[in-house]
Amino acid sequence: MSATPLISSVDSRTSEIIPPLVGASLAELSTWVQQQGQPAYRGKQLHEWIYQKGVRSLCDISVFPKQWRAELAKISIGRSNIHHRAVAPDGTIKYLLQLTDGQIIETVGIPTDKRLTVCVSTQVGCPMACDFCATGKGGYKRNLARYEIVDQVLTVQEDFQQRVSHVVFMGMGEPLLNTENVLAALRSLNQDVGIGQRSLTVSTVGIRDRIRQLAQHHLQITLAVSLHAPNQALREQLIPSARPYPLEDLLAECREYVEITGRRVSFEYILLAGVNDLPEQALELAKRLRGFQSHVNLIPYNPIAEVDYKRPNRDRIQAFVNILKQQQIAVSVRYSRGLEADAACGQLRINKK
């Protein structure tokens with residue numbers, strides 16, 4: 001498990017960032033308890049109760065003095081409430097979590113025989129307005145704070161009664177429009193929750209200069225870039241927010257990321273029947289990515305009611321895969337889990353909130 005620091009564990013603004021306490025480091029918690037007139041070792045106890053025991057209220061930390069617990073009653077740890085829970089036959093669970101201000105976000109727990117992956121949101125809604133995405137149709141409200149991102153992992157871990165092994169930042173929102181809180185959450189998931197950096201994935205549509213800035217942190221995480229088209233014209237049709245950021249510039253920034261970090265880039269490509277799944281489009285995509293230290297994840301589309309896109313049949317999907325492989329492009333198909341539980345991102349929130 002990687003323990004490479006993501007950002008400084010101690011921030012000079014400690015008194016400003018906590019509480020809520022979820023997402024705070026051991027050093028931050030130790031500083032905070034001393035500010036409350038308690039010995040530093042209480043910080044280690046607090047850290048254990050938050051990240052290992054999953055405590056939801058400071059009043060429930062039995063190792064703390066009773067009088068101090070009473071004084072802490074109104075201080076927030078930063079845990080959300082499960083507003084709705086949808087279980088698919090394959091074991092995937094989609095959650096609607098209600099935040100302290102009443103906003104609702106989606107989180108997904110995806111179990112397999114050997115791992116438990118959590119798909120986390122980074123914003124309430126999303127400003128990117130991708131034409132095929134239910135979240136984009138729902139509008140944007142605000143960024144999530146550090147504690148609200150980390151809480152999603154703790155909630156899934158608690159509900160499954162199983163340690164989370166992987167986290168993907170592929171839920172609601174654009175992570176690189178919330179970089180400060182995403183970096184802080186990555187640090188906490190790595191150092192506090194104990195998830196290795198290489199088991200953390202951040203997905204982005206691509207925001208100018210933000211991939212380059214992310215590279216400067218020299219993380220060992222996986223960067224996943226949502227392409228969804230082999231050329232700028234089609235990409236603008238599917239992702240209107242891509243207009244000011246040409247595909248050539250995005251790919252150049254991705255190549256720079258590889259050079260700086262030594263980590264390959266994953267490219268996400270949602271297959272839409274008759275739109276971006278044609279053989280000539282597979283060849284065009286291969287031409288753009290040739291010689292790139294990368295991997296393509298093809299994702300058959302999950303239909304939503306708001307638009308008329310459809311999922312390609314298996315023959316069309318396989319033909320696209322075969323062309324990429326013939327062109328020496330690393331590729332795999334990722335079928336979404338939990339299709340019976342409003343699987344498309346943002347769909348459950350629209351239907352149930």
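Residues numbered from 1 in each chain as written. Predicted model: local features only at pLDDT ≥ 70, side-chain atom pairs only at ≥ 80, totals over all residues. Heavy atoms only, no water.

(A) Representation of helix α3 (residues 41-51) in the model. Most of α3 is tucked away, with eight of its 11 residues classed as buried. Within the span of α3, buried status applies to R42, G43, Q45, L46, H47, W49, I50 and Y51. Buried positions along α3 lie against α2 (26-35), α4 (66-71), α6 (146-160) and α7 (179-191). (Buried < 20%, exposed > 50% of the residue type's maximum accessible area, 1.4 Å probe, protein only. Helix = DSSP H or I, 4+ residues; strand = E, 2+ residues; numbered from the N terminus. Contact = heavy atoms within 4.5 Å.)

(B) Layout of the pattern of salt bridges. The final tally for this structure, using the stated rule, is 18 salt bridges. Across the pair R142 and D101 runs a salt bridge, and its minimum N-O distance is 2.9 Å. Here the residue R142 occupies a position in strand β6 (residues 140-143), and D101 occupies one in the loop between β2 (93-98) and β3 (104-111), the gap between them amounting to 41 residues. Overall, R142 belongs to the partly exposed group, its relative accessible area being 22%. (Salt bridge = Lys/Arg side-chain N within 4 Å of Asp/Glu carboxyl O.)

(C) Structural context of the sheet that holds β3. One open sheet holds the 10 strands; their spatial order is β1-β2-β3-β4-β7-β8-β9-β10-β11-β12, and the pairing between them is mixed. Two strands bound the open sheet, and with one partner strand each, they are β1 (81-87) and β12 (331-333). For this sheet, the mean angle separating the axes of adjacent strands, direction not counted, is 20°. Relative to strand β11 (residues 294-300), strand β10 (residues 265-271) is paired through seven bridges, and the arrangement is parallel. By the bridge assignment for β11, I270 is matched with I299. Most of the contacts of α7 go to strand β8 (residues 200-204), to which it runs at about 165°, and overall it touches β7 (166-169) and β8. (Pairing = 2+ DSSP bridges. Axes fitted to C-alpha atoms, helices over the stretch in contact; angles between N-to-C directions.)

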